[in-house]
Protein chains: 2
Amino acid sequence: MLTGPATDAGPARPDRAPRGHARRRDALRALLREAGLDALLVTDLVNVRYLAGFAGSNAALLVHADDDADRGEDRTVLATDGRYTVQAAAQTPDLPVLVERACGPALLAALPDPGVVGFDSAHVTVDGQDALREALAAGELRRAPGLVETLREVKDAGEVDALRQACAVADAALAGMLAAGGLRAGRTEREVARDLEDRMREAGAEGPSFATIVATGAHAAVPHHSPTDAPLADGDLLTMDFGALVDGYHSDMTRTVVVGVPEDWQRDLHALVAEAAAAGRAALAPGVATRDVDAAARDVIAAAGFGEQFVHGLGHGVGLVIHEAPAVSATATATLRAGMTVTVEPGVYLAGRGGVRIEDTLVVTDDGAAPLTQSPRDLQVPFRHDA
Amino acid sequence: MLTGPATDAGPARPDRAPRGHARRRDALRALLREAGLDALLVTDLVNVRYLAGFAGSNAALLVHADDDADRGEDRTVLATDGRYTVQAAAQTPDLPVLVERACGPALLAALPDPGVVGFDSAHVTVDGQDALREALAAGELRRAPGLVETLREVKDAGEVDALRQACAVADAALAGMLAAGGLRAGRTEREVARDLEDRMREAGAEGPSFATIVATGAHAAVPHHSPTDAPLADGDLLTMDFGALVDGYHSDMTRTVVVGVPEDWQRDLHALVAEAAAAGRAALAPGVATRDVDAAARDVIAAAGFGEQFVHGLGHGVGLVIHEAPAVSATATATLRAGMTVTVEPGVYLAGRGGVRIEDTLVVTDDGAAPLTQSPRDLQVPFRHDA
């Protein structure tokens, strides 16, 4: 594969993500003015994509605090290298493009009257900061971490649509696999994971949103299990944690089934986790502290005596990154707002026996939350053969 | 998918990469002493994997300059979080593990008598540096970028074996696809890319080593083309640039074929690029400047009048990262050493008509270089049907 700036990356694949990038830049400007910045250099590629729609692998953006895109004042400049000029023209037709390999320094060097320029000190490296300082002839370079991330916590309608589509793709993959008998004894974890990923691609995903987790039997007691060649066996609890990537947005869902005939303890464990998940989902609403959402689900599990076996937080924000703010856990400090998209994923893990986790992605609404993942949440028993 | 430190990541998948990590740490120590450092904090995950064999997603390593692993003196400590304790025990049984989420600061805070501690300022962020400074009670924190990367330029025998295997997997995938008639008119670029990736996984790859490039017809004039639903057509030049990931090591190969009956200009263009590639490969030897290798290939193409259509550098180093030092280009400053692994990939691109690129991965030997990718380099004509 070619390295570095060469020629163009080829036929542009327009960012199908929701537009409204100019509106997002205006929202950012309010934060810049609050922070006393004249401009912000945006170097994180996810943040660049969020603010400009450009999805290449080398880019930066300079946003001025005093512009107003709504009034047609927008001096924002995108910088990228020569591989991406056609892609930039297609994905960010509204912005001028500066073609340079060292995007951040090039944007600063081009500023006639910089003033106070913020940069994201949580993303820029120590050596990278030197290069920025050197490029900024006059003016002041000031740390300004997390501003775009703050905006990204609350999704706009286009983003929710993209997440809904990503969730629908994962739903379709699971339903299709179940209908095709894809969860039969003898198939391996790896085969099931590949099957889900193939079906998500066929349903329109750019790919899986993270490495698919398929854990059968005792493996289901391991929250982060990676698929192996272990075969599914009758009587196994089987956990699948997977998602689809659509327009850069990540879906995230977990379902646990029993292969063959469920035993009572498996039914009971699944019912318990399902009850906790329902309690967590029901607790979601604007103004609610995410730690209270965690508690709503955790209390159900703790009351049944399995508190020690629920070894992780209840959930996390999800969007252009699979794990983003807000955290939903016992130690989290966030408060929910309408438009936040979060997962609710309680689990109970019994070493050596298996485990159950049930996870949905939801969007916080004006008075509660709506699930974006829609697969059935009751215990599915593929290929039950009553002996 | 779960976020943050939870419980263990599950049954460890031991790093099948070559061992000799302790030997690599000893080699690093020589560089630390030269640089006047008492210790180095290694935070880049690829560098952690290179030095310790640990492949989790959150880790850091502290290496002391005055130890000597060869004599059994090795105070190196690995830090990772609670998700990875079992994996760390399996992959780095020789090292004590500090279980903390903030790996870098935790390692520094645990130092009784730090002295001068280096850190990689090309990887650590500005905010991350603050956290390190705060954690380092006494002693001096000093910038020390690129030390491990310098070591990584020259591969040891185990690394070359892993790269050889990754290359063999890609060779097998291409041969299998050709034998199965996978390059027929009507198939789409996407289908060919998926076919190659599936076959690489079946042959033992962890996955593709980068997003597979398949470009047919006029698309072959675009060096970085992403596969589309465009169908292969009789008479197309078809370029495939792909590789396999094995034990963390990346192979990289490009072949260009003609679908159907080649025209003379296609044969001529392929022969020209093949000649340039052969000249580039022949120029590889210890002591040779990589820009001279670039020139050896470029001169062949320029002499034929296509210099302007060879729009990128000749190649790059490859290993635990798909693009790493040394660069092989007209502006590169590196000199080859035995054990370096590089690509040679000249290309000529004719807008609107197509292009040819031929790429191999090679290892520099004591007196030249040996190809690790072995697929035939002459013009393959799948499904030729002489009309």
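Criteria and cut-off values
- The residue numbers shown here count from 1 along each chain, following its written sequence.
- Each chain takes a letter, starting from A, and each ligand takes a number, starting from 1, following the order in which they are written.
- Since the coordinates come from a predicted model, pLDDT governs what is reported: local features require at least 70, and pairs of side-chain atoms require 80 or more to be given and counted, while whole-chain, interface and lining totals use all residues.
- For side-chain calculations, the full set of non-hydrogen atoms in the structure is used, while hydrogens and water are omitted.
- Where helices and strands are cited, they refer to DSSP runs of H or I of at least four residues and of E of at least two residues respectively, numbered from the N terminus.
- Whether two residues are in contact is decided by their heavy atoms, any of which lying within 4.5 Å being enough.
- Each Phe, Tyr or Trp ring (for Trp, its six-membered ring) is paired with any other whose centre lies within 6.5 Å, and the angle between the two planes then decides the class: stacked below 30 degrees, edge-to-face above 60, tilted in between.
- Accessibility here uses a 1.4 Å probe with only protein chains present; expressed as a share of the type maximum, an area under 20% marks a residue as buried, one over 50% as exposed, and anything in between as partly exposed.
- Any Lys NZ or Arg CZ found within 6 Å of a ring centre and within 35 degrees of that ring's normal is scored as a charge over the ring.
- Note on pairing: two strands pair once DSSP finds at least 2 bridges between them.
- Axis definition: a line fitted to C-alpha atoms, over the contacting stretch in the case of helices. Angles run 0 to 180 degrees between N-to-C directions.
- These domain boundaries are the output of an automatic or database domain assignment.
- Accessible area, probed at 1.4 Å, shrinks when two parts are joined; the buried area is that loss added up over both.
- By salt bridge we mean one thing: a side-chain nitrogen of Lys or Arg within 4 Å of a carboxyl oxygen of Asp or Glu.
- Under this definition, polar contacts are N or O atom pairs within 3.5 Å; protein pairs additionally need one hydrogen-donor-capable and one acceptor-capable atom, and for neighbouring residues in sequence, both atoms have to be side-chain atoms.

### Observations concerning the environment of Gly-115 of chain B
Residue and element names in this part refer to chain B. Its place among the elements puts Gly-115 in the loop between helix H4 (103-109) and strand S5 (116-119). Through-space distance from the C-alpha of Gly-115 to that of Leu-78 is 19 Å; in sequence the pair is 37 residues apart. Setting aside anything within four residues of it in sequence, one finds Gly-115 in contact with Asp-38, Gly-139 and Glu-140.

### As for the packing of aromatic side chains
Residue and element names in this part refer to chain B. For the structure on display, the rule yields two aromatic pairs over all chains. Their ring planes at 85° and their centres at 5.9 Å tell us that Phe-54 and Tyr-84 sit as a pair that is edge-to-face. Taken as a pair, Phe-54 in the loop between helix H2 (45-52) and strand S2 (59-64) and Tyr-84 in the loop between strand S3 (77-80) and helix H3 (85-91) lie far apart in primary sequence, 30 residues in all. For Tyr-84, a relative accessible area of 10% gives the class buried. Here the guanidinium or amino end of Arg-24 rests over the ring plane of Tyr-50, the centre of that ring lying 4.5 Å away. One Lys or Arg, Arg-353, reaches over the ring of Trp-265 and ends 4.1 Å from the middle of that ring.

### Examining the sheet that holds strand S10 (residues 244-246) of chain B
Residue and element names in this part refer to chain B. The sheet built from three strands is open, its strands ordered S7-S10-S11 with antiparallel pairing. The outermost strands of the open sheet, each flanked by one partner alone, are strand S7 (207-208) and strand S11 (249-250). With two bridges joining them, S7 and S10 adopt antiparallel strand pairing. Within the sheet, the bridge partner assigned to Gly-207 lies in S10 and is Leu-245. Across the face of the sheet, helix H7 (residues 157-179) comes into contact with S10 and S11 while running at roughly 145° to S10.

### Notes on the domain arrangement of chain A
Residue and element names in this part refer to chain A. Per the domain assignment, the segments of chain A are domain 1 (2-152) and domain 2 (157-371). The interface is formed by ten residues belonging to domain 1 together with twelve residues belonging to domain 2. Summing both partners gives a buried area of about 870 Å² for domain 1 against domain 2, and 48% of it is carried by carbon and sulfur. Across the salt bridge formed by Arg-152 and Glu-324, the nearest N and O atoms sit 3.0 Å from each other. Taken together, the connections running from domain 1 to domain 2 amount to two residue pairs in polar contact (both at pLDDT 80 or more). Listed by contribution, the elements that provide at least two residues to the side of domain 1 that touches domain 2 are helix H2 (45-52) and helix H6 (147-152).

### Observations concerning the sheet that holds strand S9 (residues 237-242) of chain A
Sheet strands associate in pairs through backbone hydrogen bonding, adopting either a parallel or an antiparallel arrangement. Residues and elements named next belong to chain A. Strand order in the open sheet formed by three strands is S8-S9-S12, and the pairing between neighbours is antiparallel. Only two strands of the sheet have a single partner each, and these edge strands are strand S8 (213-216) and strand S12 (253-258). For this sheet, the mean angle separating the axes of adjacent strands, direction not counted, is 10°. The sheet contact formed by S9 and S12 spans six bridges and is antiparallel. By the bridge assignment, Phe-242 is partnered in S12 with Met-253.

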